[in-house]
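Here's the letter readout for the chains.
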Amino acid sequence: MHWADYTAQTLKERGDIHVCASGITPSGEFHIGHIREILSAEMIHRACLDLGLESKYIFIVDSMDPLRRVYDFLSSDYEKYIGVPLAFIPAPDENGNPTQGDLNYAEYFLKPFLLSLEKIGVKPEVVMNHEVYEQGKFAEKIDIAINKKNEIKTIIENISGRELPVDWFPYSPIGSNGSMDGVEVINYEKPYVYWIDENGVEGKSDINKAEGKLPWRIDWAARWAIHGITSEPAGKDHGSAGGSYDTGIPICKLLGGEPPSKMVYEWIQIKGMGPMSSSKGVTIGPVEALELVPPEILRYSIARSKVNRHIDFDTGNTLFEMADEYERILSEASKKIEGELSRRQEIARKTNNGALRLSQINRGDDPKNSWAGVSFRHLALLAQIKSEDSEVWESLRKSGHLEKSPTTALEERLERMRSWINGPHFPEDSKIEIQKVISEKAKQNITEEQKNFLIKLKNRLEKCEWDDNSINNQIRNTAKEVEITIKDAFVAIYWLLIDKNNGPRIVSIISELERIEVVDLFETISNTEN
RNA sequence: GGGCCUGUAGCUUAGUCAGGUAGAGCGACGGGCUUUUAACCCGUCGGCCGCGGGUUCGAAUCCCGUCAGGCCCGCCA
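Rules used in this analysis
Residue numbers here run from 1 along each chain, matching the order of that chain's written sequence. Each chain gets a letter, beginning with A, and each ligand a number, beginning with 1, in the order they are written. With the structure being a predicted model, the display of local features is reserved for residues of pLDDT at least 70 and the display and counting of side-chain atom pairs for 80 or more, all residues being used for whole-chain, interface and lining totals. As a rule here, side-chain values cover all heavy atoms of the structure and leave hydrogens and water aside. Here, a strand pair is defined by DSSP locating no fewer than two bridges between the strands. Each helix corresponds to a stretch of at least 4 residues labelled H or I by DSSP, and each strand to a stretch of at least 2 residues labelled E; elements are numbered beginning at the N terminus. Only the stretch in contact is used when fitting a helix axis, every axis being a line fitted to C-alpha atoms; angles between N-to-C directions are given from 0 to 180 degrees. Only heavy atoms matter for contacts: two residues are in contact if any of them lie within 4.5 Å across the pair. Each residue gets one of three labels from its accessible area relative to the maximum for its type: buried under 20%, exposed over 50%, partly exposed in between, using a 1.4 Å probe on protein chains only. Working definition of a nonpolar core: buried Ala, Val, Leu, Ile, Met, Phe, Trp, Tyr and Cys residues. They are joined through side-chain atoms within 4.5 Å. Handedness of each helix crossing follows the sense of rotation of the near helix against the far helix: counterclockwise by less than a right angle gives left-handed, clockwise gives right-handed. When residue character is reported, Ala, Val, Leu, Ile, Met, Phe, Trp, Tyr, Cys and Pro are called nonpolar, Asp, Glu, Lys and Arg charged, and the others, Gly included, polar. Only a single heavy atom is needed: when it lies within 4 Å of a molecule or strand, its residue is near that molecule or strand. Pairing of N or O atoms within 3.5 Å defines a polar contact, subject to two protein rules: one partner must be a possible hydrogen donor and the other a possible acceptor, and residues neighboring in sequence count only if both atoms are side-chain atoms.

Turning our attention to the sheet that holds strand E2 (residues 54-61). Working definition: the strands of a sheet are paired by backbone hydrogen bonds and lie parallel or antiparallel to each other. Read across the sheet, three strands follow the order E1-E2-E3 without closing on themselves; strand pairing throughout is parallel. Since the sheet does not close on itself, it has two edges, and those belong to strand E1 (17-24) and strand E3 (125-128), each with one partner. Adjacent strand axes in the sheet meet at a mean angle of 30°, parallel and antiparallel pairs treated alike. One ladder, built from eight bridges, connects E1 with E2; its direction is parallel. The partner of Ala21 across the bridge, within E2, is Ile58. The strands that helix H2 (residues 32-50) touches are E1 and E2; relative to E1, the one it contacts most, it runs at about 175°.

Structure below.
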């Protein structure tokens, strides 16, 4: 059974109404790791619906979280905003300077991310956390937290093993300069928290407004209660013993809520580069990813892995494998079952089908409609030697991959394939560049005998039938005639045509090219000294 | 120091929650397509399931121990 279905089944025991949630702090560019946060919850949500439960999916944006420090992509002008909630800070421009517009910092980073989510079919109910504070929905929980300050302190200290300062207070008010840093609480009289900030200014914060916030560990527990969250997968940073999930559970109960059961997902890493980190520039943005990877396959990359396994996000060779795996599972799903399946095969099939189902952009879409019918590898090959899409379709019809017109799924694949090929992530060894003239490297690698062969071959290619069969025959016959091995003959052609000593079946490539193009290239070899 | 996760074929892994003869993909190798490498098709090889103990008629699966790798433990999610 797929992990999302399994989770949904577990949730069913708890009740019939569910709220699945994700929470992310918009402190910088969103990256592919955040997609896992989102999709883990969203897939559970879909699985709940598929199980006949009532469910909604909310995406809580931690817009009330303060700016921690001046990140590398920000100018030093942001110094003054440290400690200020992200919703109350102006968005940066492309140079990292604060802008004058209406857009705040949180929205600035959120907006493009939401667009990407739309493309992968995620339609969350977006909750801006600072608005929840503004609406006074946190007030009751803040009041309880302050009244039960010592109990909460004990929970945090016992479970996390961390010692809190003597003047610790379960609410951080915003001081006179807008920052929560260095503000000391001096009194609480519902609904006001009285404080003195680092400039010596005194003031009060109304807990019914966004004039301060709960510290993270309590904030999280409080929102479970406020929104009635029943499922919130969290990154493994929260999952370790004594982490915020562990303290959140008893705190949530203390605040009168029923916490979700703990679920921890592993992180996505970029292959060979360790964990995703905005500050180190080790990121692939969802926007960038979606330019390369079809949306259902991006979803599949999350759906196929169990939550507790880390994912190596790799835009190189493994992308070929993953995309082809998607196609394969898809075609297996529609195959008729022959004979009895063993229990294990049954499980595998169910899991795969679950992954396919949850990978669809729109819930309920038939996975079969996303079938492209061509492997990524083959498409990559064609996309590189055919500049016009129509030529690609023509070739696919010839090879029997395509009957009539390409499906939308296939058209979109080709479009992304082209941006993948032209971008920096396409694997070097999969690149095929048809040469216009013989390269220096090729000259050095081609012997005198091979050169003779190529010149002879050119003459024949000028007039032979232009199909795989006769081109191949010309090559073999010519090789025989000049007495070089078939292998040497092909190696020479590879060097001339693609500047490498091997590659895909070269005859097929030649026949896909225009005769004139090939002959012109062959022409350039006769002018070389060896 | 505390804890989490992972360890199954060369590589990526399924199967572990519900114990019942170890599955798949890729790669490699071989073959087919009058063709030779990365399009298509078929086949073969390949696993003391990290190691040691225990429970059981039976363990990859449960229990204990052990080793190895990855990761988390600041109001950073």
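So, about the side chain of Arg299. Tracing the sequence through the fold places Arg299 in helix H11 (residues 295-303). Residue classification places Arg299 among the buried positions, given a relative accessible area of 0%. The residues contacting Arg299, other than those within four sequence positions of it, are Leu39, Glu42, Met43, Arg46, Ile120, Gly121, Val122, Leu358, Ser359, Gln360 and Ile361.

So, on to the nonpolar core. Among the nonpolar cores identified, the biggest contains 81 residues, and Phe59, Leu67 and Tyr105 are the most heavily contacted of them. Looking at which element gives the most residues to this core, the answer is H2, with nine residues. In this structure Leu67 touches Leu74, Tyr78, Tyr81, Ile82, Gly83, Val84, Leu86, Ile89 and Tyr105, once residues within four positions along its chain are discounted.

Between helix H18 (residues 448-461) and helix H22 (residues 515-526), whose axes approach to 9 Å, the crossing angle comes to 145°. Of the two elements, H18 crosses H22, and the hand of that crossing is left-handed. Side by side, H18 and H22 meet where Lys451, Leu454, Ile455, Leu457, Lys458 and Leu461 of the first sit next to Arg515, Val518, Val519, Phe522, Glu523, Ile525 and Ser526 of the second. Grouping the amino acids of the contact of H18 with H22 by side-chain chemistry returns eight nonpolar, one polar and four charged.

So, on to the protein's contact with RNA strand B. Close contacts around RNA strand B come from 42 residues, with Arg162, Ile486, Phe490, Tyr494 and Ser508 the closest. When atoms of RNA strand B within 4 Å of the protein are split into backbone and base, the sugar-phosphate part holds 58%. A distance of 3.2 Å is found between a sugar or linking oxygen of RNA strand B and a backbone nitrogen or oxygen belonging to Gly23. Within the contact set of RNA strand B, a sugar or linking oxygen lies 3.3 Å away from a side-chain nitrogen or oxygen of Arg328. Looking at the surface near RNA strand B, the elements with two or more residues in it are helix H8 (236-239), helix H12 (317-334), helix H13 (343-359), helix H19 (468-482) and helix H20 (486-498). Here the residues of the surface near RNA strand B are counted per class, giving ten nonpolar, 15 polar and 17 charged.

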